[in-house]
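Observations on the model geometry
If you want the building blocks of each chain, they are given just below.
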Amino acid sequence: MKRSGSLLFKWLFGLLAVMAMAVACKKKGMVDTTGGTPYNPAEEVLVTDFFPKTGGSGQQLVIYGKNFGNNKSIVSVKIGGRNATTINVHDDAIYCIVPDKAYTGEIQVSVGTGTGQAVAVAKEAFSYQKRMVVTTLAGKKDERGNYDIKDGTFDDCGGFLNPSWLTFDPKDPNLLYIGQDGGDIRLLNFNSKTVTTPITRGMGGWERIRTIAFTPDKNYMIIANDQGDVNGKSTSILSRATGFKDPQVLTSYKQCNGASIHPVNGELYFNSYEKGQFYRFDLNRYLANHDLGIKDYQELFKIQDNSWEFNINIAPTGDYAYIIVINQQYILRTDYDWNNKTFTQPYVVCGKPRSAGWVDGVGTTARLSNPYQGVFVKNPDYAGKKDEYDFYFTEQYNHDIRILTPQGKVTTFAGRGSSSINPDPFGHIDGGLRTEARFDRPEGLAYDSVNHVFYVGDWMNRCIRKISLEN
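Residues numbered from 1 in each chain as written. Predicted model: local features only at pLDDT ≥ 70, side-chain atom pairs only at ≥ 80, totals over all residues. Heavy atoms only, no water.

1. What about the side chain of Asn265?
Worth spelling out the cut-off: Secondary structure elements are taken from DSSP: a helix is a run of H or I of four residues or more, a strand is a run of E of two residues or more, and numbering for both begins at the N terminus. We call a residue buried when its accessible area falls under 20% of the maximum for its residue type, exposed when it is over 50%, and partly exposed in between, using a 1.4 Å probe and counting protein chains only. Working rule for contacts: check all heavy atoms of both residues, and any pair within 4.5 Å makes them a contact.
By secondary structure assignment, the location of Asn265 is in the loop between β21 (259–261) and β22 (268–272). Given the relative accessible area of 19%, Asn265 is considered buried. Leave out the neighbours within four places in its chain, and Asn265 touches Asn284, Tyr336, Trp338 and Lys341.

Set out below in structure tokens:
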């Protein structure tokens with residue numbers, strides 16, 4: 001039902017009045033009453049309407065009716081069977097806040113106490129819209145920051161050592177690999193709800209496992225390794241046929257912290273942050289003929305900052321890739337040359353080089369602080385356009401997850417909430433994406449496109465967080 005102009009005015013006026021009175025009552029320690037007509041137990045309590053009709057947790061709601069009285073302490077509201085927070089009562093209107101998980105939406109008002117209590121129910125239900133929330137899936141530390149690293153169930157698997165890179169197994173979406181910077185690769189199994197350690201650093205002689213990727217045929221895993229020796233293991237290849245137990249050196253150089261495979265044509269791209277080198281390796285030829293050595297790759301270009309870490313994120317279409325320059329606070333874009341099957345010279349798409357900050361904006365007006373891993377998420381609003389993907393990425397020192405659109409616009413998606421608790425943007429708090437949730441140096445990020453769920457490697461909280469619709 002559409003609200004009349006007078007009722008809408010009354011609602012808006014009421015909200016302003018509530019805010020003013022709340023301040024006054026807090027200052028003076030007054031009883032929260034509004035001077036309206038008191039509740040009359042001899043008369044019927046009625047709920048006649050409410051506004052708005054839809055919304056989610058935290059939505060302000062006005063319930064209209066009769067004989068609500070003026071004493072908030074004897075009025076209670078339930079929405080969907082869950083207790084709502086009552087802000088104020090004024091005779092024929094109740095101002096309240098929609099609670100979490102009020103899924104069924106029935107509105108029930110109780111006024112009075114004991115035998116004088118009356119209950120009224122709205123004729124229609126509030127249409128509750130589930131919201132996206134952050135929860136903790138697996139891993140933990142104690143109040144002193146101590147944690148064990150052990151296999152086990154999600155509830156009893158200890159903590160995670162720097163969960164910095166997350167990748168789903170393309171053949172089994174119930175398996176999520178967790179690369180631990182400086183540690184082993186762990187595996188989350190969503191069927192058994194267990195965490196195991198299938199790949200250790202010792203298996204491949206790796207110093208720092210940085211990224212994990214799979215070939216388009218899903219039969220091989222590529223691990224990027226960061227170490228100082230020019231003859232070190234930049235990338236290693238492992239086969240599914242052996243359960244990824246047969247690591248072989250694929251390319252050799254030093255200081256590699258990113259490797260990615262073109263999703264259509266299958267070439268391998270990896271880097272060295274020594275001088276910002278961006279390399280191409282013909283992985284298809286290697287797999288077909290095994291006639292390429294560990295140094296048989298070509299340098300395509302150097303990024304503009306030497307000696308700074310970066311990783312490579314290729315769009316699902318293969319049309320372009322984002323290069324995240326982690327410590328220098330910006331993201332580059334490199335476009336793919338389909339004729340020559342290679343990437344071209346990159347350019348800045350968002351963030352200002354060497355200018356850390358937290359500012360939502362477009363292009364170089366946005367400010368980033370140590371962006372890390374990103375994932376591409378198809379946006380239904382872009383259907384039919386050339387690029388249908390937004391790019392979600394974590395930020396270590398902004399303690400959040402941001403969104404980069406194809407037009408270069410950066411906004412904040414999750415984290416930095418609960419400002420009423422303290423001014424710090426970091427912590428370990430579950431809840432609403434921007435109102436409550438907090439991370440502490442998030443790095444790894446994966447997206448389940450079937451169930452529309454994000455998984456976050458929360459570094460300093462030593463755990464894996466989950467972003468999904470509340471349930």
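Having seen the structure, we can now continue with the description.
2. Some points on the sheet that holds strand β38 (residues 463–469)
Counted only if it meets this: Criterion used throughout: strands pair if DSSP finds at least two bridges between them.
Spatially, β35-β11-β38-β37-β36 is the arrangement adopted by the five strands of the open sheet, whose pairing is antiparallel. Since the sheet does not close on itself, it has two edges, and those belong to β35 (431–432) and β36 (442–448), each with one partner. Here six bridges tie strand β11 (residues 132–138) to β38, and the two strands are oriented antiparallel to one another. Each bridged residue has a counterpart across the sheet, and for Met132 the counterpart in β38 is Leu469.

3. Quick look at the side chain of Arg441
The test is simple: Counted as positive: Lys and Arg. Counted as negative: Asp and Glu, with His and the chain ends omitted from the count. Any Lys or Arg side-chain nitrogen located within 4 Å of an Asp or Glu carboxyl oxygen qualifies as a salt bridge. Polar contact is the term for a pair of N or O atoms within 3.5 Å; when the atoms are in protein, one must be able to donate a hydrogen and the other to accept it, and sequence-neighboring residues count only if both atoms are side-chain atoms.
The residue Arg441 is located in the loop between β35 and β36 in this model. Although Arg441 lies buried, it forms no salt bridge, and the closest oppositely charged side chain, Glu443, sits 4.1 Å away as judged by the N-O distance. One polar contact links Arg441 to Tyr397, side chain to side chain, over a distance of 3.4 Å. Once residues lying within four places of it in the same chain are set aside, the contact partners of Arg441 are Gln396, Tyr397, His399, Gly457, Asp458, Trp459 and Met460.

4. Here's the deal with the confidence of the model for the chain
Test applied: Note: pLDDT gives the predictor's confidence per residue, expressed from 0 to 100.
Considering every residue of the chain, the mean pLDDT works out to 93; 93% of them sit at 70 or more. pLDDT under 50 marks residues 1–34. Its contacts with residues more than four places away, or in other chains, come to 36 contacts.

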